Amino acid sequence: MTTVHDTIPGHLQRDVDAVVAWFNAREGGGFEATGIVNPPPAATSDGELRLVLCGKGTCRQERFRVGSSENGRQIEWLGDGRAAQGAAVAELDPAPGARRDWIDRVAGQHAFVVLLFYRGFW
């Protein structure tokens, strides 16, 4: 069964921070980890992380392999699994944490807000 957590377990925080920094450097910044899918129960020296990354108006589930090397963390982007099989990559509904801050900020600026969600873009 798939379990998605909107908080990153403490034992994985360093790896997640390294992955997000690496991903932002590659994709031009703006993404943050707003969830983790089936987090491993303990930190490992060479493990796979499935993260929900939100930024630039969209959320994506991405897979990464994180390992140790002489130069620090070794990060490999594995994609979402379906992309390798040729299927379209589905965008995700923004996680509650990412949505909450934006709605609070915008709602405070206007008398009413219309929120339209369409295929991963909000």
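Calculation criteria
- Each chain has its residues counted from 1, running along the sequence as written.
- Per-residue local features are limited, in this predicted model, to residues with pLDDT of at least 70; the limit for side-chain atom pairs, both in listing and counting, is 80 or more; totals at the level of whole chains, interfaces and linings are taken over all residues.
- Only heavy atoms go into the side-chain values, all of them from the structure, while hydrogens and water stay out.
- The definition used for a disulfide is geometric: two cysteine sulfur atoms within 2.5 Å.
- Exposure categories follow from relative accessible area, calculated using a 1.4 Å probe and restricted to protein chains: below 20% of the type maximum is buried, above 50% is exposed, and the middle band is partly exposed.
- Here, any two strands with at least 2 DSSP bridges between them count as paired.
- Secondary structure elements are taken from DSSP: a helix is a run of H or I of four residues or more, a strand is a run of E of two residues or more, and numbering for both begins at the N terminus.
- Take the number of residues in a helix, subtract one, and multiply by 1.5 Å to get its expected span.
- Regarding the arc, it is the one traced by the directions from the helix axis to the C-beta atoms.
- Two residues form a contact once any of their heavy atoms are found within 4.5 Å.
- Throughout, nonpolar core names a set of buried Ala, Val, Leu, Ile, Met, Phe, Trp, Tyr and Cys residues whose side chains join them through atoms within 4.5 Å.
- Note on scores: pLDDT gives the predictor's confidence for each residue, bounded by 0 and 100.

1. Points about the state of the cysteines
The full count for this structure, using the stated rule, is one disulfide. A sulfur-sulfur separation of 1.9 Å characterises the disulfide bridge that pairs Cys 54 with Cys 59. Here Cys 54 and Cys 59 share a disulfide; its torsion about the S-S bond, 110°, makes the bridge right-handed. A single burial state applies to Cys 54 and to Cys 59, both of which are buried.

2. What to know about the pairing of strand E2 (residues 32-37)
Where strand E1 (residues 4-5) meets E2, two bridges bridge the pair, whose relative direction is antiparallel. Considered in E2, the bridge of His 5 is made with Ile 36. The sheet contact formed by E2 and strand E3 (residues 46-55) spans five bridges and is antiparallel. For Ala 33, the partnering residue across the bridge sits in E3 and is Leu 53.

3. Details of helix H1 (residues 13-27)
For H1, which comprises 15 residues, the first-to-last C-alpha distance of 21 Å matches the rise-based estimate of 21 Å (1.5 Å per residue) to within 8%. Of the residues making up H1, those classed as buried are Asp 15, Val 16, Val 19, Val 20, Phe 23 and Asn 24. On an axial view of H1, the arc spanned by its buried residues comes to 160°, and they lie on one face. In H1, the exposed residues that point more than 90 degrees away from the buried face are Arg 14 and Ala 25. At its buried positions, H1 is contacted by E2, E3, strand E4 (58-69) and strand E5 (72-79).

4. Quick look at the nonpolar core
Of all hydrophobic cores here, the largest spans 14 residues; its most connected members are Val 16, Val 19, Leu 49, Leu 51, Leu 53 and Phe 64. Mapped by element, the contributors of at least two residues to this core are H1, E3 and E4. The dominant element in this core, judged by the number of residues it contributes, is H1, at four residues. Residues contacting Val 19, with those up to four places away along its chain left out, are Leu 49, Leu 51, Phe 64, Val 66 and Ile 75.

5. Considerations on the confidence of the model for the protein chain
With 75% of its residues at a pLDDT of at least 70, the protein chain reaches an overall mean of 78. Taken element by element, the predicted model of the protein chain shows its lowest mean pLDDT in helix H2 (residues 96-107) (69) and its highest in H1 (93). Below a pLDDT of 50 lies the segment residues 81-90, which in the model reaches five contacts outside its immediate sequence neighbourhood of four places, other chains included.

6. Things to note about the pairing of E4
Two elements, E3 and E4, share 10 bridges in a ladder whose sense is antiparallel. If you follow Leu 49 over to E4, its bridge partner there is Phe 64. Where E3 hands over to E4, the hairpin turn is made up of two residues, of which Lys 56 adopts a positive phi near 55°. As paired elements, E4 and E5 share seven bridges and run antiparallel to each other. Directly across from Phe 64, in E5, lies its bridge partner Trp 77.

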